[in-house]
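Take a look at the letters that make up each chain.
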Amino acid sequence: MRRPLPDAWYCVGQASAFAGNVLRAVELNGEQIVLGRDAAGALFALRDRCPHRGMALSRGGFDGAALTCPFHGWRFSTDGRCRDIPTLSEHDAADFSKIAVQRFPVAESAGFVWVNPHLGPPGEPAALPDLDFTPVGSLVVELVVEASFDLTTLSLVDPGHVAFVHDSWWFRPSKALREKRKTFRPVAHGFVMSSHATATASPVYRVLGGTPEVEIEFRLPGVRLERIAAGEKRVANYTFATPLTADRTMLTNALYWNIAGLNLLKPVARPLMRQFLTQDQQVLQHAQAGLDRKPTMVLFGQGDLPSQWYFRLKREALEAARAGRPFENPLETRELRWRS
Ligand code: FES
Ligand SMILES: [Fe+2]
């Protein structure tokens, strides 16, 4: 239960970073994975380990069709199968057709590449995040947090930390805590909260004018999708948590918009977004140090219910996978009150 869900899609980087005959090494849930795009543009994800003597295949060459291990030249096609062992003599009777590198499911959505590091039989992971509009601009910030996947993911569903951690003037002009009352309902593999932004809401919402409608969805394994709509105007603020190792998690924040004028704000928005993520990073790292000394939490009050829901959703996903049955969302529609 403490480990990240094995059968789930995790964000491993921006789709634009995977191009040409370039191999990229990524860490995912303790696994080393090499990714690339073949000459036809299809993505592939293989374990970054040559079966011969363990060499990282990402250190070798790639010609758009095959990867060449830099140690002894074994060649593998992008499906992982060994195609050639150049050091074999014609008189060598060895059959290398059974040698293969582990292959992982890989997909592209919302401008990102996603990998499912699961090795068992295919299950029913939560759907990939996608966008329901065509963006004219986007902004992406990635940050590594020295904290567990669970602790980092809880920050995506934790209303209680916002007033204390994200207290920058541009995000929370007023320091006072106010009573909040929001309805949450279950959706596939998660829950969603919809509301109208109030006049006192963050200036980030006010940039859109009017009273935008805001919808914030959380879904397994660690995905927060904030969708803001005002008439035809759309802004989406997506956050993805990716487990790199047991104690390092990557946070990816992607902001997309369909309003051409917002492109001008990009140089200003980037450092603010980085500042926002750094606030989470710093507090999470200190909290992790405390959890390392004693790994218990007291989840208390309605503001901590979404955190409890996260663990319930995760437990259900694990139990459903173990029993080989479909995932059944254990949550119910519920109104929550808290101060933030
Ligand atoms: S380690 Fe890869 S070819 Fe020898
Ligand atoms: Fe946060």
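Just so it is clear, the model here is predicted, and its values are computed rather than measured.

## Structural notes on the overall build of the protein
Within the protein, the regular secondary structure consists of 5 helices and 18 strands. Its C-alpha atoms give the protein a radius of gyration of 22 Å, near enough to 20 Å, the size a compact globule of 340 residues would have. If one aligns the C-alpha atoms of the protein with their principal axes, the spans along those axes are about 80 × 45 × 35 Å. Across the protein, every contact between residues at least 6 apart in sequence was considered, and the portion connecting residues at least 24 apart equals 59%. As displayed, the protein offers around 17100 Å² of accessible surface, 53% of which is attributable to carbon and sulfur atoms. Here the protein carries 40 positive and 35 negative side-chain charges, and the mean point of each set is 6 Å from the other.

## Focus: the sheet that holds strand β1 (residues 10-14)
Sheet architecture is open: 3 strands sit in the order β1-β10-β9, paired in antiparallel fashion. Single-partner strands in this sheet number two, and they are β1 and β9 (106-109). Taking the axes of each pair of neighbouring strands and ignoring which way they run, one obtains an average angle of 30° across the sheet. Taken together, the 4 bridges between β9 and strand β10 (residues 112-115) define a ladder with antiparallel strand orientation. Within the sheet, the bridge partner assigned to Ala 107 lies in β10 and is Trp 114.

## Some points on the coordination of the iron ion (ligand 2)
Distances from the iron ion (ligand 2) to its protein donors, His 161 (NE2), His 166 (NE2), Asp 280 (OD) and Asp 280 (OD), fall at 2.0 to 2.6 Å. Each of the 4 donor atoms around the iron ion (ligand 2) contributes to a set of angles spanning 55 to 152°, which defines the coordination as irregular.

## A look at the packing of aromatic side chains
On inspection of all chains with the given rule, the structure shows 13 aromatic pairs. Between the aromatic rings of Phe 184 and Trp 338, the centroid separation amounts to 6.2 Å while the plane-to-plane angle is 50°, which identifies the pairing as tilted. Residue Phe 184 is found in strand β12 (residues 179-187), and its partner Trp 338 is found in strand β18 (residues 334-339); the two are separated by 154 residues along the sequence. With respect to burial, Phe 184 and Trp 338 carry one shared label: buried. Feature note: the residues Phe 184, Phe 191, Phe 218, Trp 309, Tyr 310, Phe 311 and Trp 338 constitute an aromatic cluster, connected by ring pairs. Seen from the ring of Phe 18, Arg 24 lies directly overhead, with NZ or CZ sitting 5.0 Å from the centre.

## Thoughts on the domain arrangement of the protein
The domains assigned to the protein are domain 1 (10-115) and domain 2 (137-339). Centre-to-centre, using C-alpha coordinates, domain 1 lies 34 Å away from domain 2. Residue-level contacts link 11 residues of domain 1 with 15 residues of domain 2. Between domain 1 and domain 2, roughly 1100 Å² of surface is buried when both sides are summed, and carbon and sulfur atoms account for 65% of that area. Three residues, Tyr 10, Glu 27 and Phe 112, lead the burial of domain 1 against domain 2; their summed loss comes to 46% of the area buried on that side. Here domain 1 and domain 2 share 1 salt bridge between them. Glu 27 is the salt-bridge partner of Arg 248, the closest N and O atoms lying 3.2 Å from each other. Summed over the shared surface of domain 1 and domain 2, the result is 6 residue pairs in polar contact (both at pLDDT 80 or more). At the level of secondary structure, the elements contributing two or more residues to the side of domain 1 that touches domain 2 comprise β1, β2 (24-28) and β10. Residue composition of the side of domain 1 that touches domain 2, grouped by class: 6 nonpolar, 4 polar and 1 charged.

## Quick look at the nonpolar core
The biggest cluster of nonpolar side chains holds 59 residues, and the ones touching the most others in it are Val 12, Ile 33, Leu 35, Val 115, Phe 191, Leu 220 and Val 235. Ranked by the residues each element gives to this core, the list is headed by helix α5 (residues 305-323), at 7 residues. In this structure, Phe 191 is in contact with Val 157, Phe 184, Arg 185, Pro 186, Ile 216, Glu 217, Phe 218, Pro 306, Trp 309, Leu 313 and Leu 331, ignoring residues within four places of it in sequence. Residues Cys 11, Trp 114, Val 140 and Tyr 238 belong to the second largest nonpolar core, which totals 15 residues.

Conventions used here
Residues numbered from 1 in each chain as written. Chains lettered and ligands numbered in written order. Predicted model: local features only at pLDDT ≥ 70, side-chain atom pairs only at ≥ 80, totals over all residues. Heavy atoms only, no water. Helix = DSSP H or I, 4+ residues; strand = E, 2+ residues; numbered from the N terminus. Rg over C-alpha atoms; globule rule 2.2 N^0.38 Å. Contact = heavy atoms within 4.5 Å. Areas by Shrake-Rupley, 256 points an atom, 1.4 Å probe, with all protein chains shown as cover. Lys, Arg positive; Asp, Glu negative; His and termini not counted. Charge placed at Lys NZ, Arg CZ, Asp CG, Glu CD. Pairing = 2+ DSSP bridges. Axes fitted to C-alpha atoms, helices over the stretch in contact; angles between N-to-C directions. Donors = N, O, S within 2.8 Å, 3.2 Å for Na, K, Ca; no water. Tetrahedral: all angles 85-135°; square planar, octahedral: opposite > 155°, others 65-115°. Phe/Tyr/Trp six-rings, centres within 6.5 Å; stacked < 30°, edge-to-face > 60°. Buried < 20%, exposed > 50% of the residue type's maximum accessible area, 1.4 Å probe, protein only. Lys NZ or Arg CZ within 6 Å of the ring centre and 35° of its normal. Domains from an automatic or database assignment. Buried area = accessible area lost by both parts, 1.4 Å probe. Salt bridge = Lys/Arg side-chain N within 4 Å of Asp/Glu carboxyl O. Polar contact = N/O pair within 3.5 Å; in protein donor to acceptor, adjacent residues only side chain to side chain. Nonpolar A, V, L, I, M, F, W, Y, C, P; charged D, E, K, R; others polar. Core = buried A, V, L, I, M, F, W, Y, C linked by side-chain atoms within 4.5 Å.

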